Amino acid sequence: MFKSSDYISSTLTFNNDSICWTNPHDNKMYEVMMNWEEPIMNKMAELAVSEGDDVLELGFGMGILSNAIQARKPKSHTIVECHPEIIVKLKEWASDKANVIIIEGTWLEKKEDLSHYDAILQDTYADDNLDNFVSFVFNVAKPGCKVTWWNNKNSDTDWSYLFDDYNLTLTDVDIDPPANEYYNEKNYKIPLKII
């Protein structure tokens, strides 16, 4: 296993279809994000984001979710990213997007720099702060906020036990990922919680 500090200090490999890094503890390469996730990211944005929303996105990665959010014409789009090399890519991507606000660092350490949002979408990697996600959400969510996150389970959701089941839904997306280190099922369940 590894800590977020291992990942944040690593040198990334940017491929056409993925971002990878090598874990110094086992010298093994791991995928951070891959382009097969696009149907998931598109559906996450469709479920959570409406035109004119103030949107908070946690983790930029390859920008797949960011593109899907932008296509829905949010009023504001705040993106929190912690990896220095991805921040460079994020700044290039955002250079012609006036509604994008970039926050550099982890979402937990930057929580005081954040506002309140109509939609919160989380897809971070090697995140040591996930136990704080629910309380964080309730501090930055507007009433009626739609919240969705990366779900590593295909039958349930990692955090359904933290959020009560009221206003929590799971939406199926059929996928066909190549063999990878983080998700190899043919079905993905997108969680959506309305606060």
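Refer to the structure printed above.
Residues numbered from 1 in each chain as written. Predicted model: local features only at pLDDT ≥ 70, side-chain atom pairs only at ≥ 80, totals over all residues. Heavy atoms only, no water.

Chemist: I'd love a proper account of the overall build of the chain, names of residues and values included.
Modeler: From N to C terminus, the chain includes five helices and 10 strands. Taken along its principal axes, the extent of the C-alpha atoms in the chain is 45 × 40 × 30 Å. Sorting the 195 residues of the chain into buried and exposed places 53% on the buried side. Across the chain, contacts joining residues at least 24 apart in sequence account for 59% of those joining residues at least 6 apart. Total accessible area computed for the chain in this model is approximately 9,400 Å², and 46% of it derives from carbon and sulfur atoms. Between the averaged position of the 17 positive side-chain charges in the chain and that of its 33 negative side-chain charges there is a distance of 4 Å. (Helix = DSSP H or I, 4+ residues; strand = E, 2+ residues; numbered from the N terminus. Buried < 20%, exposed > 50% of the residue type's maximum accessible area, 1.4 Å probe, protein only. Contact = heavy atoms within 4.5 Å. Areas by Shrake-Rupley, 256 points an atom, 1.4 Å probe, with all protein chains shown as cover. Lys, Arg positive; Asp, Glu negative; His and termini not counted. Charge placed at Lys NZ, Arg CZ, Asp CG, Glu CD.)

Chemist: Can you lay out the state of the cysteines for me, pointing to particular residues and giving the numbers?
Modeler: By the definition in use, this model includes zero disulfides. Between Cys 20, a cysteine without a disulfide, and Cys 82, which holds the nearest cysteine sulfur, the sulfur-to-sulfur distance is 17 Å. (Disulfide = S-S within 2.5 Å.)

Chemist: Can you tell me about the layout of surface pockets, naming the residues and giving the values?
Modeler: A volume near 770 Å³ is recorded for the largest pocket. As for the largest pocket, its lining consists of 35 residues, of which Thr 124, Tyr 125, Ala 126, Asp 127 and Asn 152 are closest to the centre. Only helix H1 (4-8), strand E3 (28-34) and strand E5 (76-81) provide two or more residues apiece to the lining of the largest pocket. (1 Å grid on protein atoms, 1.4 Å probe; cavity = no way out; pocket = protein on both sides within 12 Å on 5 of 7 lines; lining within 4 Å. Points joined across faces, edges and corners; volume = space filled by probe spheres on them.)

Chemist: If you had to explain helix H2 (residues 38-48) to someone new, which residues and values would you point to?
Modeler: In an α-helix there are 3.6 residues to a turn, and that puts residues three or four apart on one side. Residues Ile 40, Met 41, Met 44, Ala 45 and Ala 48 constitute the buried set of H2. For H2, the angular spread of buried residues about the axis comes to 130°, placing them on one side. Packing partners of the buried residues in H2 comprise E3, helix H3 (64-70), strand E7 (117-122), strand E8 (141-149), strand E9 (168-174) and strand E10 (187-194). (Arc of directions from axis to C-beta.)

Chemist: Give a detailed account of the nonpolar core, specifying residues and quantitative values.
Modeler: Counting 24 residues, the largest nonpolar core has Trp 36, Ile 40, Met 41, Leu 121 and Trp 150 as its most contacted members. When residues of this core are traced back to their parent elements, those giving at least two are E3, H2, H3, E7 and E10. Within the second largest apolar cluster, 19 residues are counted, among which are Leu 56, Trp 107, Leu 114 and Ile 120. (Core = buried A, V, L, I, M, F, W, Y, C linked by side-chain atoms within 4.5 Å.)

Chemist: Could you give an account of helix H5 (residues 133-140), with specific residues and numbers?
Modeler: Among the residues making up H5, those that are buried are Phe 133, Val 134, Phe 136, Val 137 and Val 140. Here the buried residues of H5 occupy an arc of 160° about the axis, which is enough to place them on one side. Those residues of H5 that are buried are in contact with strand E4 (54-58), E7 and E8.

Chemist: With reference to specific residues and values, describe the side chain of Asp 118.
Modeler: With respect to the secondary-structure elements, Asp 118 resides in strand E7. At 2.7 Å, the side chain of Asp 118 forms a polar contact with the backbone nitrogen of Asp 54. Residues contacting Asp 118, with those up to four places away along its chain left out, are Asp 53, Asp 54, Lys 142, Gly 144, Cys 145 and Lys 146. (Polar contact = N/O pair within 3.5 Å; in protein donor to acceptor, adjacent residues only side chain to side chain.)

Chemist: Tell me about the sheet that holds strand E1 (residues 12-14), and please be specific about residues and values.
Modeler: Here we have three strands laid out as an open sheet, ordered E1-E2-E3, and antiparallel in their pairing. Since the sheet does not close on itself, it has two edges, and those belong to E1 and E3, each with one partner. Within this sheet the neighbouring strands show an average axis-to-axis angle of 25°, counted without direction. The pairing of strand E2 (residues 18-23) with E3 spans six bridges and is classified as antiparallel. Along E3, the bridge assignment pairs Thr 22 with Met 29. (Pairing = 2+ DSSP bridges. Axes fitted to C-alpha atoms, helices over the stretch in contact; angles between N-to-C directions.)

Chemist: Report on the sheet that holds strand E6 (residues 100-104), specifying residues and quantitative values.
Modeler: Pairing within the open sheet is mixed, and its seven strands lie in the order E6-E5-E4-E7-E8-E10-E9. Unpaired on one side and paired on the other, E6 and E9 mark the two borders of the sheet. On average, each strand axis in the sheet is tilted by 20° relative to the strand beside it, whichever way the strands run. The pairing of E4 with E7 spans four bridges and is parallel. Counterpart to Glu 57 in the pairing with E7 is Leu 121. Where helix H4 (residues 84-94) meets the sheet, it contacts E5 and E6, and its direction lies at approximately 165° from that of E6.

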